[in-house]
Amino acid sequence: MALLGILFTSCGNRQKNNVAESSTEPVSESVTDQYHGAISKYLTDVIGKGYATGEVTIPYSDYCSIDDSSAEDIQVWGDFWVEDFNVSGDSLLFVSGGNHAGKMHIKKDSEGQFSVAGFDAVGDGSEYLPTAKAIFGDRFEEFQKAYSDNEAREEIRKSAIARFVKKNNLAVKYYKDYGWPAVQIPSLNE
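Throughout what follows, the structure given in this document is the object of discussion.

Cut-offs applied
- Residues numbered from 1 in each chain as written.
- Predicted model: local features only at pLDDT ≥ 70, side-chain atom pairs only at ≥ 80, totals over all residues.
- Heavy atoms only, no water.
- Buried < 20%, exposed > 50% of the residue type's maximum accessible area, 1.4 Å probe, protein only.
- Helix = DSSP H or I, 4+ residues; strand = E, 2+ residues; numbered from the N terminus.
- Arc of directions from axis to C-beta.
- Contact = heavy atoms within 4.5 Å.
- Pairing = 2+ DSSP bridges.
- Core = buried A, V, L, I, M, F, W, Y, C linked by side-chain atoms within 4.5 Å.
- Salt bridge = Lys/Arg side-chain N within 4 Å of Asp/Glu carboxyl O.

All right, on to helix H3 (residues 140-147) then. Regarding H3, the residues found buried are Phe140, Phe143 and Ala146. What you see down the axis of H3 is that its buried residues fit within an arc of 130 degrees, all on one side. More than 90 degrees from the buried face of H3, the exposed residues found are Glu141 and Lys145. Where H3 is buried, its residues touch strand E2 (56-67), strand E3 (74-88), strand E4 (91-108), helix H2 (128-136) and helix H4 (150-167).

Next up, the structure:
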């Protein structure tokens, strides 16, 4: 099955940049997009390999916070998602996927390309709370609020899917999770 492309919605609607106070210039949006490009690639190529493959892979985040005060270790905390779909007629049918909360460590190579150097993942089950608190630190409450907001996450997911469909010129109008009714993909007027 062909991978049609990837898209990382820039931290949904809940992005918080934490640039060091000693920095005199804000990080440009294009550089931040490069961080997200590296995260998208990691979600698709590394984490996504653990899921059943679909024809398209859509990574996104419904929360993130960035600390790029150290060029050697750019840190991006987030609730990262990767989802696989098959195209069936006018619909994307969910195949597999899930969320992976934690902290990505981004590095820049000698050619100026960003990549994920490591990922500190929040644990499952009884390990969730202690690892999430340790990883997110003073960001924990903000992360937890976003993590618990299913309605907002679904809107962010819908927007990520719409951007992916538009970017890849897919002739689909709906996405459908197994056992749930189809959801219309909003049109983007961008």
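The next point concerns the pairing of strand E5 (residues 114-121). Taken together, the seven bridges between E4 and E5 define a ladder with antiparallel strand orientation. Residue Lys103 lies in a different strand from E5, and its bridge partner there is Asp120. Counting the residues in the hairpin turn of E4 and E5 gives five residues, including Gly112, whose phi is positive at 85 degrees.

Ile39, Leu43, Val76, Phe80, Met104, Ile106 and Val116 are the most contacted members of the largest nonpolar core, which has 17 residues in total. Among the secondary structure elements, those contributing two or more residues to this core are helix H1 (29-47), E2, E3, E4 and E5. Per element, the largest residue contribution to this core is six residues, and it comes from H1. One finds Ile58, Ile156, Ile161 and Ala162 within the second-largest nonpolar core, a separate group that totals 16 residues.

All of the buried residues along H2 are Tyr128, Ala132, Ile135 and Phe136. When H2 is viewed along its axis, its buried side chains cluster within an angular range of 85 degrees and face the same direction. At the C-terminal side of H2, Gly137 shows a positive phi close to 50 degrees.

Within this structure, the stated rule accounts for eight salt bridges. Across the pair Arg153 and Asp79 runs a salt bridge whose closest N-O atoms are separated by 3.9 Å. One end of the pair, Arg153, is in helix H4; the other, Asp79, is in strand E3, with 74 residues separating them in the sequence. The same class applies to Arg153 as to Asp79, namely buried. Between Arg157 and Asp177 there is a salt bridge, with its nearest N and O atoms 2.7 Å apart. One end of the pair, Arg157, is in helix H4; the other, Asp177, is in the loop between strand E6 (174-176) and strand E7 (183-184), with 20 residues separating them in the sequence. The class for Arg157 is buried, based on a relative accessible area of 5%. A relative accessible area of 22% means that Asp177 is categorised as partly exposed. Taken together, the salt bridges that share partners define one network made up of Glu83, Glu154, Arg157 and Asp177.

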